[in-house]
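Coordinate analysis (summary)
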Amino acid sequence: MKHENYKITIMGASGVGKTTFLASYFHLASRLQRGTYPVSFKNTIFDKKIDNITRMAPDCTISEKTTERIDIVFGLDSLGMTIECTDIPGEFAQDMALWDERKILSDLKHADALLFFISTEDVMFGQDKIVEDNLVFATAISHLRKKGKAVPIWFLFTKGNKVLDVSLEELQSRLPALLKTARDTKHPVRAWKIDSVSEQMSLIASDQSQSKDIIDPMESLFEAMKNSAVLFRKKVRFRVSLFILLAVSFSLLGGWGFSLLGLKTERAVAVGPRLTYF
């Protein structure tokens, strides 16, 4: 199957769990072949990070924070997709004055999907931090393409097991302005609540059901991106067909009009001026 290229831009505060989540997902989908859509890497830049995270995860000792931009390229053969996934460090995202210099604006304008990571702990207990994150995310959303292909926007609330008895609905209710900003774009919007990935990794190898919190958000995002591309192509084909139809119709009507005008001229010449005698 011929592959089409897609781009996912990932944003979230430093330490929220972006890189750990991605490494865990690729460990499951690529190495353990979990999920519906097996992953094949197009570059190996992420392999070492996957090794580090899966090695440390059983002891919950992950403390590494990403301090540089990571671009991961992988393929989904069953969907005919090659995806470039850009993990933007939290410190880079916070300094919006440097977005152009750090190519973040370009990442957003060319994104086929946005994946935002938000800490459940911050939502419940760190309102000052959440206000800052909301501004970053809302600004990022404002830079998405305004017309054409829909851009799925996924929100992942991480470390869900750190705050007991809080539902996804309650988490969303605490971010009304941000979610409204996303939904007002008319792009597809979904939210997920996931537990601490590092604490799940020790169970993943023996229990496939434990991997659903990691695999389901990503695979649903891939499906939304693919559907968006299909719908966009249909719209383009419809507009092209409509343009061709209008052009042909105008040509035919224009030719008929000129023929009619020519016929009237010929009749006028044949009849000639009428003479009046006194």
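A few points on the structure. Note that this is a predicted model, so its numbers are computed, not measured.

What counts, and where the lines are drawn
- Residues numbered from 1 in each chain as written.
- Predicted model: local features only at pLDDT ≥ 70, side-chain atom pairs only at ≥ 80, totals over all residues.
- Heavy atoms only, no water.
- Salt bridge = Lys/Arg side-chain N within 4 Å of Asp/Glu carboxyl O.
- Helix = DSSP H or I, 4+ residues; strand = E, 2+ residues; numbered from the N terminus.
- Buried < 20%, exposed > 50% of the residue type's maximum accessible area, 1.4 Å probe, protein only.
- Polar contact = N/O pair within 3.5 Å; in protein donor to acceptor, adjacent residues only side chain to side chain.
- Contact = heavy atoms within 4.5 Å.
- Pairing = 2+ DSSP bridges.
- Core = buried A, V, L, I, M, F, W, Y, C linked by side-chain atoms within 4.5 Å.

**Things to note about the pattern of salt bridges**
With the rule as written, the count across this model stands at 10 salt bridges. Its salt-bridge partner being Asp107, residue Lys7 comes within 3.3 Å of it at the nearest N-O pair. Taken together, the positions of Lys7 in strand E1 (residues 4–12) and Asp107 in helix H4 (residues 104–109) put the pair 100 residues apart, joining distant regions of the chain. Neither residue differs from the other here; Lys7 and Asp107 are each classed as buried. A salt bridge links Asp184 to Lys180; the nearest nitrogen and oxygen atoms lie 2.7 Å apart. One end of the pair, Asp184, and the other, Lys180, are both in helix H8 (residues 176–184), 4 residues apart, so they sit about a helical turn from each other. Asp184 sits in the partly exposed class, given a relative accessible area of 46%. Taken together, the shared-partner salt bridges in this structure form one network comprising Lys7, Arg69, Asp71, Glu84 and Asp107.

**So, the side chain of Asp133**
Looking at the secondary structure, you find Asp133 in helix H6 (residues 127–142). Taking relative accessible area as the criterion, Asp133 reaches 3% and is therefore assigned buried. Only 3.3 Å separates the side chain of Asp133 from the side chain of Gln94, close enough to count as a polar contact. In this structure Asp133 touches Ala13 and Gln94, once residues within four positions along its chain are discounted.

**Some points on the sheet that holds strand E5 (residues 113–119)**
Spatially, E2-E3-E4-E1-E5-E6-E7 is the arrangement adopted by the 7 strands of the open sheet, whose pairing is mixed. For this open sheet the edge positions go to strand E2 (40–41) and strand E7 (189–193), each flanked by a neighbour on one side alone. Strand direction decides the pairing type here: E1 and strand E4 (residues 81–87), joined by 7 bridges, are parallel. Residue Lys7 lies in a different strand from E4, and its bridge partner there is Glu84.

**Remarks on the nonpolar core**
Among the nonpolar cores identified, the biggest contains 37 residues, and Ile8, Tyr25, Phe74, Leu76, Ile83, Phe222 and Met225 are the most heavily contacted of them. At the level of secondary structure, the elements contributing two or more residues to this core comprise E1, helix H1 (18–31), strand E3 (70–76), E4, E5, strand E6 (153–158) and helix H10 (212–271). The biggest single contributor to this core is H10, with 8 residues. Filtering out sequence-adjacent residues up to four positions away, Ile83 remains in contact with Tyr6, Ile8, Ile72, Val73, Phe74, Leu76, Phe222 and Met225. One finds Leu114, Ile118, Ile141 and Ala191 within the second-largest nonpolar core, a separate group that totals 33 residues.

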